[in-house]
Amino acid sequence: MEPMPHETSDETARVREFFSVRAARWDARFPDDGPAYEAAVGELGLREGDSVLDAGCGTGRALPPLRAAVGRRGTVLAADVTPEMIAEAVRAGRLASGRLLLADVRRLPLRTASLDAVFAAGLVSHLGGPEAGLRELARVVRPGGALALFHPVGRAALAERQGRVLSPDDVRAGPNLRTLLAGSGWRLTSLDDGEDRYLALAARAE
Ligand SMILES: C[S@@+](CC[C@H](N)C(=O)[O-])C[C@H]1O[C@@H](n2cnc3c(N)ncnc32)[C@H](O)[C@@H]1O
């Protein structure tokens, strides 16, 4: 596990406060999501030997399918800013599938264009100022590489679960997301904004 090489911001403190108390029960709360993660990873277009980052990995639920997709020759990295989530990932044995980084996805300790793809489940709505985060993800992905923004629950169902009304300002709504991605180095290539899941796929602009 790598230490985070920069100071803690208010935004980081807010995210940690929210997720630290949820980490221990995270996997038990959502025991049936595995097949949805496998399907979403399958649509990212990874090949044997590729390098991929799970951004905002939480307990690392996506790591086993990501490892299966890139094989033993591939590289699987996973970054999360909440120490308790990383600790749960270790406890759940996710180190067997990839390397865990305690890091903010807005300032990644990774070389420019060093990855083929990024998988980010449940992340984008928690990034205050998502454009900076998406731009940093674009920096570390090679031109033509891929991004998946995923959630195993549809936007409307998630809003209902959280007692919110779905707002037209939602960053994940199609028109908002297309603009956001275009301004941060990505091109939206497909969007499944259905009832059962959310999956936006984008390509790193050349
Ligand atoms: C809704 S959870 C999803 C966790 C995991 N991807 C999953 O699907 O189970 C969002 C995660 O993003 C992390 N996160 C939020 N902002 C982050 C940031 N700027 N850098 C790294 N991780 C972040 C949180 O700590 C949390 O673990």
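So, a few notes on the structure that sits alongside this text. (Residues numbered from 1 in each chain as written. Predicted model: local features only at pLDDT ≥ 70, side-chain atom pairs only at ≥ 80, totals over all residues. Heavy atoms only, no water.)

1. Notes on the overall build of the protein chain
Check the secondary structure of the protein chain and you find eight helices and seven strands. The C-alpha atoms of the protein chain give 16 Å as radius of gyration, which agrees with the globular expectation for 206 residues (17 Å, within 12%). Projecting the C-alpha coordinates of the protein chain onto the three principal axes gives extents of approximately 40 × 40 × 35 Å. Looking at the 206 residues of the protein chain, the share that counts as buried comes to 51%. Relative to all contacts within the protein chain whose residues are 6 or more apart in sequence, the contacts with residues 24 or more apart total 68%. Counting every atom, the protein chain has about 9900 Å² of accessible surface; 51% of that belongs to carbon and sulfur. (Helix = DSSP H or I, 4+ residues; strand = E, 2+ residues; numbered from the N terminus. Rg over C-alpha atoms; globule rule 2.2 N^0.38 Å. Buried < 20%, exposed > 50% of the residue type's maximum accessible area, 1.4 Å probe, protein only. Contact = heavy atoms within 4.5 Å. Areas by Shrake-Rupley, 256 points an atom, 1.4 Å probe, with all protein chains shown as cover.)

2. Observations concerning the side chain of Ser 184
Its place among the elements puts Ser 184 in the loop between helix 8 (174-182) and strand 6 (186-193). Within the structure, the side chain of Ser 184 is placed 2.7 Å from the backbone oxygen of Leu 180, a separation counted as a polar contact. Each residue touching Ser 184, except ones within four places of it in the same chain, is listed here: Glu 131, Leu 134, Arg 135 and Ala 138. (Polar contact = N/O pair within 3.5 Å; in protein donor to acceptor, adjacent residues only side chain to side chain.)

3. Structural notes on the site of the ligand
Close to the ligand lie 21 residues; Trp 26, Tyr 37, Gly 56, Asp 80 and Thr 82 are nearest. At 2.9 Å from an oxygen atom of the ligand is found a side-chain nitrogen or oxygen belonging to Arg 61. In the environment of the ligand, an oxygen atom lies 2.6 Å from a nitrogen or oxygen atom belonging to the side chain of Asp 80. Taken together, the residues of the shell around the ligand break down into 12 nonpolar, five polar and four charged. (Near = heavy atom within 4 Å. Nonpolar A, V, L, I, M, F, W, Y, C, P; charged D, E, K, R; others polar.)

4. Section: the sheet that holds strand 3 (residues 99-102)
Pairing is mixed across the open sheet formed by seven strands, whose spatial order is 3-2-1-4-5-7-6. Strands with a single pairing partner mark the edges of an open sheet, and in this sheet they are strand 3 and strand 6. Neighbour to neighbour, the strand axes of the sheet diverge by 20 degrees on average, direction disregarded. Where strand 4 (residues 115-121) and strand 5 (residues 141-151) come together, six bridges link them in parallel fashion. In the strand pairing of strand 5, Ala 121 is matched with Phe 150. (Pairing = 2+ DSSP bridges. Axes fitted to C-alpha atoms, helices over the stretch in contact; angles between N-to-C directions.)

5. Brief notes about the environment of Asp 50
On the secondary structure map, Asp 50 appears in the loop between helix 3 (34-42) and strand 1 (51-55). Separated by 66 residues in sequence, Asp 50 and Asp 116 place their C-alpha atoms 6.1 Å apart.

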